[in-house]
There are 2 protein chains.
Amino acid sequence: MSIDRSVTLPDAAGSAQRAPSRIRLAVLDRDPGFMQVLAKRLDSLGCEYRPLAAPVGLEGLVTMRLNALVVDLAILGPSGWGYLEQVCARLPGMAVIVCTGPSSVAQRVRGLRLGADAWVTKPCHAEELICVIEAAVRRHRRGEMPTLEATATFGEITVRPDLHQAYVGPTSLELTAREFEILHLLTGADRVLRREEIYERVWGYAMAHGDRSVDVFVRKLRQKLRAGSPQWSYIHTHFGVGYRFAPEREVDAPELDLVEPAPLHMLDPALAG
Amino acid sequence: MSIDRSVTLPDAAGSAQRAPSRIRLAVLDRDPGFMQVLAKRLDSLGCEYRPLAAPVGLEGLVTMRLNALVVDLAILGPSGWGYLEQVCARLPGMAVIVCTGPSSVAQRVRGLRLGADAWVTKPCHAEELICVIEAAVRRHRRGEMPTLEATATFGEITVRPDLHQAYVGPTSLELTAREFEILHLLTGADRVLRREEIYERVWGYAMAHGDRSVDVFVRKLRQKLRAGSPQWSYIHTHFGVGYRFAPEREVDAPELDLVEPAPLHMLDPALAG
DNA sequence: TTTGCGCGTGAACATCCTGTGACCGAGCCC
DNA sequence: GGGCTCGGTCACAGGATGTTCACGCGCAAA
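Predicted, not measured: the structure shown is a model, and the values here were computed from it.

Overview of the nonpolar core
Counting residues in each nonpolar core, the largest one holds 82 residues, and the members touching the most others are Leu 25, Ile 97 and Leu 129 of chain A together with Leu 61, Ile 198 and Ile 235 of chain B. A total of eight residues in this core trace back to one element, the largest contributor, which is helix H5 (residues 126–148) of chain A. With residues up to four places along the chain from it excluded, the contact list for Ile 97 of chain A reads Ala 68, Leu 69, Val 70, Val 71, Ala 118, Val 120, Leu 129, Val 132, Ile 133 and Ala 136 of chain A.

Remarks on the interface of chain B and chain A
Facing 40 residues of chain B, the contacting portion of chain A comprises 37 residues. For the pair chain B and chain A, the summed buried area comes to about 3,400 Å², and 55% of that belongs to carbon and sulfur atoms. Sorting the residues of chain B by area buried against chain A places Arg 113, Arg 139 and Arg 142 of chain B first, and these three jointly supply 18% of that buried surface. Counting the contacts that link chain B with chain A gives eight salt bridges. Joining chain B to chain A, the criterion identifies 22 residue pairs in polar contact (both at pLDDT 80 or more). When contributions to the side of chain B that touches chain A are tallied by element, the ones reaching two or more residues are helix H5 (105–113), helix H6 (126–141), helix H8 (195–203) and helix H10 (269–272) of chain B. By residue number, the principal contributor to the side of chain B that touches chain A is H6 of chain B, which donates 10 residues. For the side of chain B that touches chain A, the class distribution of residues is 17 nonpolar, eight polar and 15 charged.

Description of the sheet that holds strand S8 (residues 165–168) of chain A
Either a parallel or an antiparallel arrangement is found when strands of a sheet pair, and the pairing is made through backbone hydrogen bonds. All names here are of chain A. Read from one edge of the open sheet, four strands run S6-S7-S8-S9, paired in antiparallel fashion. The open sheet has two edge strands with one neighbour each: strand S6 (152–154) and strand S9 (171–172). When strand S7 (residues 157–160) meets S8, the two strands line up antiparallel, connected through four bridges. Opposite Thr 158, over in S8, you have Tyr 167 as the bridge partner. Packing of helix H6 (residues 177–188) onto the sheet brings it into contact with S6, S7 and S8, and relative to S7 it is tilted by some 105°.

Criteria and thresholds
- Residues numbered from 1 in each chain as written.
- Chains lettered and ligands numbered in written order.
- Predicted model: local features only at pLDDT ≥ 70, side-chain atom pairs only at ≥ 80, totals over all residues.
- Heavy atoms only, no water.
- Core = buried A, V, L, I, M, F, W, Y, C linked by side-chain atoms within 4.5 Å.
- Buried < 20%, exposed > 50% of the residue type's maximum accessible area, 1.4 Å probe, protein only.
- Helix = DSSP H or I, 4+ residues; strand = E, 2+ residues; numbered from the N terminus.
- Contact = heavy atoms within 4.5 Å.
- Buried area = accessible area lost by both parts, 1.4 Å probe.
- Salt bridge = Lys/Arg side-chain N within 4 Å of Asp/Glu carboxyl O.
- Polar contact = N/O pair within 3.5 Å; in protein donor to acceptor, adjacent residues only side chain to side chain.
- Nonpolar A, V, L, I, M, F, W, Y, C, P; charged D, E, K, R; others polar.
- Pairing = 2+ DSSP bridges.
- Axes fitted to C-alpha atoms, helices over the stretch in contact; angles between N-to-C directions.

What follows is the structure, given as structure tokens:
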């Protein structure tokens, strides 16, 4: 169960329903005008957008961690149907929208039966296509969230989205809901996150100027992480920027590979003294 | 006394949602030719199909427990947008396909933004519309956990979906229909379930903000579970998140020297030193 | 090295969440 | 009709959680 994905992972956090995270999208098409208009709209919506001029293998698509793929069957040629079928079967968590030129009913039926989520006929308005994409992704996320969320281990800490909790071995860190969400967000983003980003994605709305809530929660998190895993440090401060998650062994603990994680659940008083 | 009231349950209460094969569909339209062709195809596919000549209130839609609703905005008049919005918001588990006459891009965008899953322009081929419906429903169902229909035992509790009842040994817990459904849902999901999820799956529509029904039923469930199996706890609260089912023996019952499952936090502190 | 702002910390305070008992209306059976 | 069960709502209370504040340290720029 507990998949140890070691340390690095591209950003794909998606903190549940509070703040619908941005859509990660790839468009497989060669029409310059179409791409330009689409790119403009997608940018203004804050999509993570990636144009593709040629078909990408399944592995490539997997590593992109897309929410949706828009594809013009025309540039795939006769092998397009097979490609479509494979992609839909192999990546059920990704919405697939076919956006292509004039077609017959039979073709559209075939595409949808193979697993496509929608079929948009070119020429089409960019806004409409985007709405179709959003609708598909929206529906997609309803079920995807709990299922695909795998448990991950960082250093001595295991993050379990299904239980909304983090553990050291079998012992719960007793994180509160909000603490866990912040930890989850940080572990999912392999980069420095500004306070405003953290606040927006966890609280779901913009952070008021001067709000220190994130700092306070990071402090509580660090406290519980330290209590459970004293020899590691996990959340690093980037002065003037924000926070970054990265499990690192403390320097003053040389080479001990068999260190027991120390008792826990005594987060409060006695330990500190 | 320990006889369950099995006899019969209200039709839609339990069985309908569980059968993933058949789509429960309603079509709100008045075009006789369209309806006839569609009905023919739907029948041959084994859909549970229901034509509607006039808009049905939210309550009506709820009791139908539909997987999908096809609607022609034309017969709704100006209030159609509001109706569409309400239906989509209140029944997030139901796919909504707008199938209507010629429209502008703005109208289609509006419909999709309000929550519609697809927009099909009439005149359209029945086969294509059905594919669109299937695609929408397919996406909807992804991630819905398969509630197991087999008898299963957790701790001292035996859940029997076939009898719609739970037992401790041979003794019925006398759960009501709702209570059982919630228990069944919880036992089938091996993770924390948010109240909204529980409500949506059991009641069939979106939970109103501030609704405490789930809490109350969980309380009743706990009461009956405790009465039948006092030494165990089954439903655990995750503060700020939801509920999780997991049979655990109560620690404060030192009477029996049977094998303790040795739950968490019993690490020997000496190991750490 | 000094300075100024950013950040860590602890605690007080406000808020929200949840368990609980009581109540009420609808449906059902006698 | 009367009694019953069941589903659902309400208000209350206690506790867990989130937020704010003040203080002091530490980091980076000058």
